[in-house]
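Structure assessment
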Amino acid sequence: MTENQVSVIIPTFNESENICNVLDLIKEHLPRINLEAIVVDDNSPDGTGKIVEDYVKIKGNEEYSVSVIHRKTKSGLSSAILDGLKKSNGDTIVVMDSDLSHPPQIIPKMLETLRKTQCDIVVASRYVAGGAIQGWPFKRKLMSKIATKIAKKGLGINSDDPMSGFFVFRKKITEGLKFDAIGYKMLLELLVKANGVKVEEVPYTFTDRKKGSSKLDTSTIIDYCKSVWKLYRYGRQVRKTEKRVSVRFLSKAARFFTVGASGLGVNYLASLLFSSSLDMWYLHATILGIVFSITSNFVLNKYWTFEDRDFAPKKTAIQYGKFAGFSSIGALVQLGMVYYLVDGFSLSYPVALVLAVGTAAFSNFVLNKKWTFREKVWS
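None of the values given here were measured: they were computed from a predicted structure.

Calculation notes
Residues numbered from 1 in each chain as written. Predicted model: local features only at pLDDT ≥ 70, side-chain atom pairs only at ≥ 80, totals over all residues. Heavy atoms only, no water. Helix = DSSP H or I, 4+ residues; strand = E, 2+ residues; numbered from the N terminus. Buried < 20%, exposed > 50% of the residue type's maximum accessible area, 1.4 Å probe, protein only. Polar contact = N/O pair within 3.5 Å; in protein donor to acceptor, adjacent residues only side chain to side chain. Contact = heavy atoms within 4.5 Å. Salt bridge = Lys/Arg side-chain N within 4 Å of Asp/Glu carboxyl O. Core = buried A, V, L, I, M, F, W, Y, C linked by side-chain atoms within 4.5 Å. Phe/Tyr/Trp six-rings, centres within 6.5 Å; stacked < 30°, edge-to-face > 60°. Lys NZ or Arg CZ within 6 Å of the ring centre and 35° of its normal. Pairing = 2+ DSSP bridges. Patch = residues over 30% accessible without salt bridge, like charges linked within 9 Å, V, L, I, M, F, W, Y side chains within 5 Å. Areas by Shrake-Rupley, 256 points an atom, 1.4 Å probe, with all protein chains shown as cover.

Right, let's talk about the side chain of S44 for a bit. You can see S44 is positioned in the loop between strand 2 (35–41) and helix 2 (48–59). Judged by relative accessible area, S44 falls into the buried class, the value being 8%. A distance of 2.8 Å separates the side chain of S44 from the backbone nitrogen of N14, its partner in a polar contact. At 2.5 Å, the side chain of S44 and the side chain of D41 are in polar contact. The residues contacting S44, other than those within four sequence positions of it, are T12, F13 and N14.

As structure tokens, this is what we get:
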């Protein structure tokens, strides 16, 4: 490992249209830094790895070192970062995408923040003041928000953008850590497993790719769920030794709100499915969305939040009845708000739905904590 050297790890898959521009921009914005770039290519059918080799031959390594790791199969973003980490020589690591959604001109600011604050990780954040997302449709933004809420509340992470793929960290904090390398969110695993690290965030504007295609698909979502579950189990093992009641309470509260965040997604997607695909009146679609979310929330809260694994039919039916009954009060709040905002203020249905579901979720938490799961509200 070389002191004061910066290693930029860039995982690629079918990024032939973007990778040379990314390498040029890194050179342009980091000209006076002891720097190396490591491209980790997953055997891209479009020849991305070969393009990087040709780039090195034509432009050389005079201003900074560029190398490429050729992997035989598409094995995931996190494992690509780990392979790049093994080959890296720097004591500071930069991780970024190769689709130009992560602007290299932000890297100097991230490195300066790392130096000035003496922190361990600097996250380029879309969700702090000054950060933004350009080019994403509402559905994609909603999915990102839900995934971020699940990560923050379910795993106890304080970072505003734990799902960022653009971050800088000191290599030494990975010593002794065992990574699962599932899915595409290496930062998430680092934040959970590197105990006691200091994290800073700098704002940036994420711009959706203009060339190539997004890698987000069903398998990516499934990998994310697997990763969160593994990290939750990891954190649960750590929490078993925790004696402080306040910490245990906050952990349970975080799980409850994580379930609420997932219910928001179930409610929203089910309601939109019924209203758009089946041409159902929006109030009827909202009712069905509520039923779906109440059921999924009950099962997750029973099994995960309160760790009640007794699913005897009579007991479960009584609990579900209480849960559904109290949740219905929140449902009435949601229906009233949706009708009021859509018909009274001519607000678009998707926006009204989000506002109404959020309000209903808060009332559900207070009522069900007190009466369904028999805990003091402020305990």
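Time to look at helix 6 (residues 186–193). Of all eight residues in helix 6, eight are buried; the element is thus mostly enclosed. Three or more residues of helix 6 are buried, namely M186, L187, L188, E189, L190, L191, V192 and K193.

Summed over the entire model, instances satisfying the criterion amount to eight salt bridges. Between D83 and R71 there is a salt bridge whose closest N-O contact spans 2.9 Å. Of the two residues, D83 is situated in helix 3 (residues 77–87) and R71 in the loop between strand 3 (65–70) and helix 3; the sequence distance between them amounts to 12 residues. According to the relative accessible area criterion, D83 is partly exposed, its value standing at 25%.

Residues L23, I26 and F166 are the most contacted members of the largest nonpolar core, which totals 34 residues. Sorting the residues of this core by element identifies strand 1 (2–12), helix 1 (19–29), strand 2, helix 2, strand 3, helix 4 (107–117) and strand 5 (121–125) as the ones contributing at least two each. L82, F167, I173 and L191 belong to the second largest nonpolar core, which has 28 residues in total.

All right, on to the environment of K139 then. Within the secondary structure, K139 is located in helix 5 (residues 138–155). Overall, the relative accessible area of 53% leaves K139 in the exposed class.

This paragraph deals with the packing of aromatic side chains. Inspection of the entire model under this criterion finds 10 aromatic pairs. Between the aromatic rings of Y340 and F345, the centroid separation amounts to 5.3 Å while the plane-to-plane angle is 70°, which identifies the pairing as edge-to-face. Accessibility assignment for this pair places Y340 and F345 in one class, exposed. Among the aromatic residues, those joined into a cluster by ring pairs are W281, Y282 and Y349. R126 extends its terminal NZ or CZ atom over the ring of F206, reaching a point 5.9 Å from the ring centre. Positioned above the aromatic ring of F311 is the side chain of K302, whose terminal nitrogen or guanidinium carbon lies 4.9 Å from the ring centre.

For the rest of this paragraph, the subject is the pairing of strand 2. Most of strand 2 is tucked away, with seven of its seven residues classed as buried. On strand 2, burial covers both faces: L35, A37, V39 and D41 on one face and E36, I38 and V40 on the other are all buried. Pairing between strand 2 and strand 3: six bridges, direction parallel. Its bridge partner lying in strand 3, V40 is registered against I69.

A surface patch of nonpolar side chains, amounting to about 480 Å² of accessible area, comprises Y340, F345, L347, V351 and L355. For the nonpolar patch, the secondary-structure elements that each account for two or more residues are helix 10 (313–345) and helix 11 (349–372). With a relative accessible area of 45%, L355 lands in the partly exposed category.

Residue position: D42 is located in the loop between strand 2 and helix 2. Under the relative-accessibility criterion, D42 is labelled buried at 6%. Separated by 2.6 Å, the side chains of D42 and R71 make a polar contact. Apart from the residues lying within four places of it in its own chain, the contact partners of D42 are T12, F13, R71, T73, K74, S75 and G76.

The subject of this paragraph is the environment of T92. Within the element layout of this structure, T92 appears in strand 4 (residues 90–95). In sequence terms T92 and N4 are 88 residues apart; their C-alpha atoms lie 7.2 Å from each other. Ignoring anything within four residues of it in the chain, the contact list for T92 reads Q5, V6, S7, L111, L114, V168 and F169.

The next point concerns unusual backbone geometry. With phi around 55°, N14 is a residue other than glycine that occupies positive phi space. The phi torsion at L100 lies on the positive side, around 70°, for a residue other than glycine. Note on placement: L100 falls in the loop between strand 4 and helix 4. Residue classification places L100 among the partly exposed residues on the basis of a relative accessible area of 33%.

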